[in-house]
Amino acid sequence: MSNTKKANWLPLFITNFLGVLNDNYLKYLVFFISTTWMMKEKESIVIMLASALFVIPYIAFSPIAGKLARDHSKAKIIQRAKLFEIPIMAIASLGFIMQSVTITMFGIFLMGLQSCLFSPAKYGIIRDIGGKEGIPFGTGAMEMLTFMGVLIGTYIAGVTSDISLIESLTGYRTIIVCCALLFFAVLGWLLSLKIAPKETVPDDEENTTLNPILFLIRSYKWSRQIKGLNIVIIGLATFWAIGSLLQMNITVHCRNVLNLSDTATSTIMALVAIGIGLGCYITGVISNKQLKMYLVPIGGIGMLVCVSYIFVFNPSTVLFTILIVLTAFFAGIFKIPLNAFIQNKVEGRKLGLILAYNNLMLFTFILLSAGIFGLVETYANSLMVFGAVAAITIVITIVAFLRIPGAGKVKA
């Protein structure tokens, strides 16, 4: 990869990082602070509603996002989406100043909508910046920075909550929080203006349904033309379902089984984010400009071994932490070749639509994972949730090994 191409990555990488950081900072501020404005028994409702309001736009508006990425300049979509982030954070800030759950929830919904609309563009532009040979590196680095953004955004929201930054309607600390949200948004927009890849010509001739169900059916049928593509998308959706299950279950398990404080629990969550980020980055680097799909079952087997050990032996805190971080690391190895496969195999402007199809699938799976978690945790315990994760992992690993081209064969 040339030095020029390496330099061209930076605006995209930093723009994406700041966006993810700001999204998670806002979301977890709502989790930690907005819940204090309600009666204790309504806290879980606020958290559930905030999570749902972020996910719903991906299910309802992914077809529109895909059409935008196909019909228009992806760089301009990213820049306008980042500009839109500024008034969104202003609305959310107003909610914190007024201590209004309704306004902060509206901010969460708008944030989910903004993230949905530019997601296909920001991932679709990777190939435009680095070419096909840059896909593994670009995808790996993007995912690493995404999870680091999640980590830092979550952490500073927790610190904000612990030191009680929101003390009054007009307190200076409230203003600091609002300024931070707006600062990250403005900086992200300014950096997005530096994104200037050589894009393919937009294609606005093909009719695309905006009905999510019809879009899903048509996308599935079209994807059958590329061997293994639907299985790859199902694999990615399953990855996010597993991640969602683990995220919810780690909190419950650490509190109820390991008897850890919230600070200790958040530390483990931070280590998990680092683990998956390292797995993503290292996989992108060792792929060396090639699709190495045999890494998918290797990642799946690694996840399976670690989660199964937790399920069977219920280890103490130190060993649990090591195993769950290793699970995250192998999850990164599992994920990146699947992302790179889509970027490599789907040609031209169709890529934006397929990335939107992928978003629609993965957020549907995330909603399903919430149902699985609720049932298993309610009628059994957190260890059984780890057992459910192990069962899901072994199924998707076997399917990937048998059905994804190149997954069962190591190539130099």
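**Q** With reference to specific residues and values, describe the pattern of salt bridges.
**A** Summed over the entire model, instances satisfying the criterion amount to 5 salt bridges. With its nearest N and O atoms 2.7 Å apart, the salt bridge here joins arginine 70 to aspartate 71. Judged by its relative accessible area of 1%, arginine 70 is buried. Classification of aspartate 71 as buried rests on a relative accessible area of 9%. Lysine 335 is the partner of glutamate 143 in a salt bridge, and the nearest nitrogen-oxygen pair spans 2.6 Å. Taken together, the positions of glutamate 143 in helix α5 (residues 135-162) and lysine 335 in helix α11 (residues 317-345) put the pair 192 residues apart, joining distant regions of the chain. Take glutamate 143: its relative accessible area is 1%, and that puts it in the buried class. One salt-bridge network, in which partners are shared between bridges, spans Lys67, Arg70 and Asp71.

**Q** Account for the side chain of asparagine 22, naming residues and giving values.
**A** Turning to its location among the elements, asparagine 22 is positioned in helix α1 (residues 3-32). The class of asparagine 22 is buried, set by a relative accessible area of 0%. Beyond its immediate sequence surroundings of up to four residues, asparagine 22 is in contact with Glu85, Met89, Ala180, Leu181, Phe184 and Ala185.

**Q** Explain the packing of aromatic side chains to me, and be specific about the residues and the numbers.
**A** All chains considered together, the criterion is met by 11 aromatic pairs. Geometrically, the ring pair formed by tyrosine 25 and phenylalanine 184 is edge-to-face, given 6.5 Å between the ring centres and 85 degrees between the ring planes. Here the residue tyrosine 25 occupies a position in helix α1, and phenylalanine 184 occupies one in helix α6 (residues 172-192), the gap between them amounting to 159 residues. On the accessibility criterion, tyrosine 25 (4% relative accessible area) is buried. Three or more aromatic residues joined by ring pairs make a cluster, and in this case those are Trp9, Phe13 and Phe137. Note that lysine 27 overlies the ring of phenylalanine 54, its terminal NZ or CZ placed 4.9 Å from the centroid.

**Q** Could you give an account of a nonpolar patch on the surface, naming the residues involved and the relevant values?
**A** Taken together, the side chains of Tyr309, Phe311, Val312, Phe313, Val318, Leu319, Ile322, Leu326 and Met384 present a nonpolar region at the surface, about 810 Å² in accessible area. Looking at the nonpolar patch, the elements with two or more residues in it are α10 (295-313) and α11. Relative to the helices and strands, isoleucine 322 is located in helix α11.

**Q** Can you tell me about helix α13 (residues 382-403), naming the residues and giving the values?
**A** An α-helix turns once per 3.6 residues; consequently, residues spaced three or four apart project the same way. With 22 residues, α13 extends 32 Å from end C-alpha to end C-alpha; this agrees with the ideal 32 Å at 1.5 Å per step. Those residues of α13 that fall on the buried side of the exposure criterion are Ser382, Leu383, Val385, Phe386, Gly387, Ala388, Val389, Ala390, Thr393, Ile396, Thr397 and Ala400. Buried residues along α13 sit against α8 (229-256), α10, α11 and α12 (350-379). Its side-chain oxygen 3.1 Å from the backbone nitrogen of leucine 383, asparagine 381 forms the N-cap of α13.

**Q** Summarise the environment of threonine 251; cite the residues concerned and give the values.
**A** Secondary-structure assignment places threonine 251 in helix α8. Residue threonine 251 is classed as partly exposed on the basis of its relative accessible area, which comes to 27%. Measuring from C-alpha to C-alpha, the distance between threonine 251 and serine 266 comes to 8.2 Å, with 15 residues separating the pair along the chain.

**Q** I'd like to hear about the packing of α8 against α11, residue by residue, with values.
**A** Put simply, α8 and α11 touch, their axes get as near as 10 Å, and they point 160 degrees apart. Put simply, α8 runs roughly antiparallel to α11. The handedness of the crossing between α8 and α11 comes out as left-handed. Judged by residue contacts, Leu229, Val232, Ile233, Gly235, Leu236, Phe239, Trp240, Leu246, Ile250, His253 and Cys254 of α8 engage Phe320, Ile324, Thr327, Ala331, Phe334, Lys335, Leu338, Asn339, Phe341 and Ile342 from α11. When grouped by side-chain class, the residues that make up the contact of α8 with α11 number 16 nonpolar, 4 polar and 1 charged.

So, how was this worked out
Residues numbered from 1 in each chain as written. Predicted model: local features only at pLDDT ≥ 70, side-chain atom pairs only at ≥ 80, totals over all residues. Heavy atoms only, no water. Salt bridge = Lys/Arg side-chain N within 4 Å of Asp/Glu carboxyl O. Buried < 20%, exposed > 50% of the residue type's maximum accessible area, 1.4 Å probe, protein only. Helix = DSSP H or I, 4+ residues; strand = E, 2+ residues; numbered from the N terminus. Contact = heavy atoms within 4.5 Å. Phe/Tyr/Trp six-rings, centres within 6.5 Å; stacked < 30°, edge-to-face > 60°. Lys NZ or Arg CZ within 6 Å of the ring centre and 35° of its normal. Patch = residues over 30% accessible without salt bridge, like charges linked within 9 Å, V, L, I, M, F, W, Y side chains within 5 Å. Areas by Shrake-Rupley, 256 points an atom, 1.4 Å probe, with all protein chains shown as cover. Expected span 1.5 Å × (residues − 1). Polar contact = N/O pair within 3.5 Å; in protein donor to acceptor, adjacent residues only side chain to side chain. Axes fitted to C-alpha atoms, helices over the stretch in contact; angles between N-to-C directions. Parallel < 35°, antiparallel > 145°, perpendicular 65-115°, else oblique. Left-handed = near helix turned anticlockwise from the far one by under 90°. Nonpolar A, V, L, I, M, F, W, Y, C, P; charged D, E, K, R; others polar.

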